Amino acid sequence: MRDPLVRRIPVLLLILTALSVLPLGAVDADFQVSVEVGEDLLEHPVDGRLLLLIGTDPDEEPRFQIGWGVGSGQIFGVDVEDLEAGEPVVFDETVFGWPTRSLDDLPAGEYRVQALLHRYDTFERSDGHVLQLPASWKAGQRWNREPGNLYSEPKTAEIDPNAGGELSIVLDREIPPTEPPEDTKYVRHVRIKSELLSEFWGRDFYLGAHVLVPRGFDEHPEARYPLMIFHGHYPEDFGGFRTEPPDPDLECEYSERFDVECYNRIQQEEAYAFYQKWISDDFPRF
């Protein structure tokens, strides 16, 4: 019968070999980022997801440089519970990130750096479950624009993980409430409380809609019209409809997504053309 130690030797050799090929600095990286909330921004401890955002575009805040594609800025995130003002949260090589996995793997260079706290609320549901979730405060779960979220002013920093060091960030700002869109002659906005959702989630829930009304709607209050519904993803207002001619001084902008020159001008032209059709004599009223 073979000695148990002899049988373990190949396994030990495999582990030692794996450790020997780890890149330098992968275990004992010294570079880290410390984030805390400013003293005057929190009245009580909060829960949420704390995000460290790193971008290369000097003209745009890092929170707006995060996307799905290969050109996305860098993002790291940690969950926080009962976080108090002045309490530091450390981002080091162990914190998971995207598209780069770790701070240790970030190429050395000059970056724009920012932090943001995506705040969570406690939901006591009617089915007995108590959940911590990011509540929507009229920004459609867009964490980089959600009112009440805390964030820092972007700063420019030289980052070289191999050189070590620490970067300190203070969340010193709060995203303000959004302004509801105003009603116009053709676009109305409705908000309806959902009794079923409110009962289930343990707080008031509302359904909203942007309604494009036909020509003559106000002049004929007794009329009834067919209803067409388009379910988008939390649009700020009714889009693609413009009662003013295209802006003659509009500066052309190229759309990388659609590979089209002057895409913004095309949008205005088409939106105005839709308005002209909408109020024409032979266009259906709905």
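### Details of the overall build of the protein
Counting its regular elements, the protein contains three helices and 13 strands. Taking all 286 residues of the protein together, 31% fall into the buried category. Accessible surface for the protein amounts to roughly 19300 Å². Of this, 54% is attributable to carbon and sulfur atoms.

### Overview of the sheet that holds strand β1 (residues 32-37)
Here we have three strands laid out as an open sheet, ordered β4-β1-β10, and mixed in their pairing. Edge positions in the sheet fall to β4 (89-91) and β10 (166-171), since each of these pairs with one other strand and no more. Within the sheet, the average angular offset between the axes of one strand and its neighbour, ignoring direction, is 25 degrees.

### A look at the side chain of glutamine 114
Its place among the elements puts glutamine 114 in strand β6 (residues 109-124). At 3.0 Å, the side chain of glutamine 114 and the backbone nitrogen of arginine 63 are in polar contact. Residue contacts for glutamine 114: discarding those within four places in its chain leaves Leu51, Leu52, Leu53, Glu61, Pro62, Arg63, Tyr151, Ser152, Pro154 and Ile169.

### Examining the packing of aromatic side chains
Taken as a whole and assessed by the stated rule, the structure comprises 15 aromatic pairs. Arranged with centres 5.7 Å apart and planes meeting at 85 degrees, the rings of phenylalanine 241 and phenylalanine 274 form a pair that is edge-to-face. Here phenylalanine 241, found in the loop between β13 (206-212) and α3 (263-278), pairs with phenylalanine 274, found in helix α3; they are 33 residues apart in sequence, far enough to count as distant. A residue is classified by how much of its surface remains accessible, and phenylalanine 241, at 13% relative accessible area, is buried. The exposure class of phenylalanine 274 is partly exposed, given its relative accessible area of 26%. Ring geometry for tryptophan 278 and phenylalanine 283: centres 5.7 Å apart, planes at 55 degrees, overall tilted. Residue classification places tryptophan 278 among the buried residues on the basis of a relative accessible area of 2%. Clustering of aromatic rings is evident, with ring pairs tying together Tyr186, Phe238, Phe241, Tyr272, Phe274, Tyr275, Trp278, Phe283 and Phe286. Against the face of tyrosine 151 rests arginine 63, its NZ or CZ located 4.2 Å from the ring centre. Lying across the ring of tryptophan 201, arginine 125 places its NZ or CZ 5.4 Å from the centre.

Cut-offs used in this document
- Residues numbered from 1 in each chain as written.
- Predicted model: local features only at pLDDT ≥ 70, side-chain atom pairs only at ≥ 80, totals over all residues.
- Heavy atoms only, no water.
- Helix = DSSP H or I, 4+ residues; strand = E, 2+ residues; numbered from the N terminus.
- Buried < 20%, exposed > 50% of the residue type's maximum accessible area, 1.4 Å probe, protein only.
- Areas by Shrake-Rupley, 256 points an atom, 1.4 Å probe, with all protein chains shown as cover.
- Pairing = 2+ DSSP bridges.
- Axes fitted to C-alpha atoms, helices over the stretch in contact; angles between N-to-C directions.
- Polar contact = N/O pair within 3.5 Å; in protein donor to acceptor, adjacent residues only side chain to side chain.
- Contact = heavy atoms within 4.5 Å.
- Phe/Tyr/Trp six-rings, centres within 6.5 Å; stacked < 30°, edge-to-face > 60°.
- Lys NZ or Arg CZ within 6 Å of the ring centre and 35° of its normal.

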